[in-house]
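# Architecture at a glance
Chain by chain, the residues run as shown.
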Amino acid sequence: MTETHAPSRQPLPEPVPAVHPRIANYHRKLESEAGIARIGSRTYSAMGFGGNINFIEGDSGVIIVNTGSFVEWTAMALEEFRKISDKPFVAVVYTHGYSDHTGGVRALIPPGAESGVEIYANGVWKAFIGQVTSPMQPEVIMRGAAQLGLLLPYGEASTVGSALSRYMPSLGSTSYLAPTVSIDVPTRVTIAGVELELIPAPHDLDDGLMVWMPDEKILFGGDTLLPGGMYPTIATPRFEARRDPQKWVETMGLAASYGAEFYIAAYGSYIVGADNVRAKLVGQQKLSQYLIDETARLIFQGVPSEAIAERITIPPELDKGQDFNELYHQLWWIVRSLIARDFGWFNGDPLDFVRLSHTNRARHLIDEMGGMDAVQGKIEAAYLRGEPAWAL
């Protein structure tokens, strides 16, 4: 029998702020790793400055792979790097077009310093710019801010970060410089004496670009691989029109084929050792393909969307050695997003066409449950017995 009582009309006890220990540990690790790490003989990765900002020191200048999110945070990374090298910046590579990869560029290439600096990007970058300047983009931004808690203050009662990077106030300024060189096919370039291969590779968006440094077997993968064993976000509740789950799976396989000794992602620690790099990439590739295939299989069996999201779990053989977790996206978010993206809202049940609106359904439910006071009492009872989600 469900516990009920009359509404108290008194303030309910405040919830006790808490952070899941795994999230707290992950963010402590991010804080401890913040700084510049040397990888190989000439690569320096500034971690913890709003995405990894990577500096490749060439013979006559420095190549930058990703510029961080905000000008102010990138300026702090630059200050640290200038303790290592004072060579000029000669090229920038965007691994894709979102601001967490491009927004800090003006800290590195200030107005008036653009001459002689090439900016490389996937050849579809202009289409991406069309998306981010469309009337839909403000809604996408607000969805992202709501999902990640970007506007919340720091602390256990609000947010300790969105899991991809350490906490960073969203109050910095972003900047952008348009690419000067479009890469449509895998292309070998030599910049300041450094040989690189630039590889168009859709991942988070279709304008993804990976960077391969063959001499040192370093692969800059952009968002191909998420850090810390996070579930691969091949689909997201905020919706990304230019994110193709199957193409992202193919990019994971392509990245694994390079045999990299060092893998530098857009966020988090770099991975060392060819076996480790391959295991992480192949592990996420297999899980991603499983989620795509299992979601489609259950849809074709006529299983309702909500039930699919509850039913799909990770087989132990796919999780072995991976330690997959929900630090960034919960698994059911990804599954529901795959369904919405590929199959739409209709479950195949004709009743879907005649269901009541949320407002009308709520009105009927409140009446059937004894009126507003009775419902308020049930809400308070649920809250007091530790079921806040049901109370909401």
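We now turn to the structure provided with this report. Keep in mind that this is a model prediction, so the values were computed, not measured. (Residues numbered from 1 in each chain as written. Predicted model: local features only at pLDDT ≥ 70, side-chain atom pairs only at ≥ 80, totals over all residues. Heavy atoms only, no water.)

## Side note on the overall build of the protein
For the protein, the helix and strand inventory stands at 14 helices and 13 strands. Radius of gyration (C-alpha) of the protein: 24 Å, near the 21 Å computed for a compact globule of 392 residues. Referenced to the eigenvectors of the C-alpha coordinate spread, the extents of the protein come out at roughly 80 × 45 × 40 Å. Within the structure as shown, the protein displays about 19,400 Å² of accessible surface, and the carbon and sulfur contribution to it stands at 57%. Separation of charge centres in the protein, based on 32 positive and 45 negative side chains, amounts to 1 Å. (Helix = DSSP H or I, 4+ residues; strand = E, 2+ residues; numbered from the N terminus. Rg over C-alpha atoms; globule rule 2.2 N^0.38 Å. Areas by Shrake-Rupley, 256 points an atom, 1.4 Å probe, with all protein chains shown as cover. Lys, Arg positive; Asp, Glu negative; His and termini not counted. Charge placed at Lys NZ, Arg CZ, Asp CG, Glu CD.)

## Quick look at helix α8 (residues 274-300)
Because each turn of an α-helix spans 3.6 residues, side chains separated by three or four positions in sequence point in the same direction. Over its 27 residues, α8 extends 39 Å from the first C-alpha to the last, a length consistent with the 39 Å expected when each residue adds 1.5 Å. One or two steps after α8, the chain reaches glycine 302, where phi turns positive at roughly 85°. (Expected span 1.5 Å × (residues − 1).)

## Considerations on the sheet that holds strand β1 (residues 35-39)
Pairing between the strands of a sheet is mediated by backbone hydrogen bonds and can be parallel or antiparallel. Read from one edge of the open sheet, seven strands run β1-β2-β3-β4-β5-β6-β7, paired in mixed fashion. Every other strand in the sheet has two partners, leaving β1 and β7 (181-183) as the edge strands with one partner each. Taking the axes of each pair of neighbouring strands and ignoring which way they run, one obtains an average angle of 20° across the sheet. Here five bridges tie β1 to strand β2 (residues 43-47), and the two strands are oriented antiparallel to one another. Following the sheet pairing, isoleucine 39 is matched in β2 by threonine 43. (Pairing = 2+ DSSP bridges. Axes fitted to C-alpha atoms, helices over the stretch in contact; angles between N-to-C directions.)

## Some words on the sheet that holds strand β12 (residues 262-265)
Strand order in the open sheet made by the six strands is β8-β9-β10-β11-β12-β13, with mixed pairing throughout. Where the open sheet ends on each side, the last strands, each with one partner, are β8 (187-191) and β13 (271-272). Here strand β9 (residues 194-200) runs beside strand β10 (residues 209-213); their pairing, made up of four bridges, is antiparallel. Looking at the pairing, glutamate 197 lines up with tryptophan 212 of β10.

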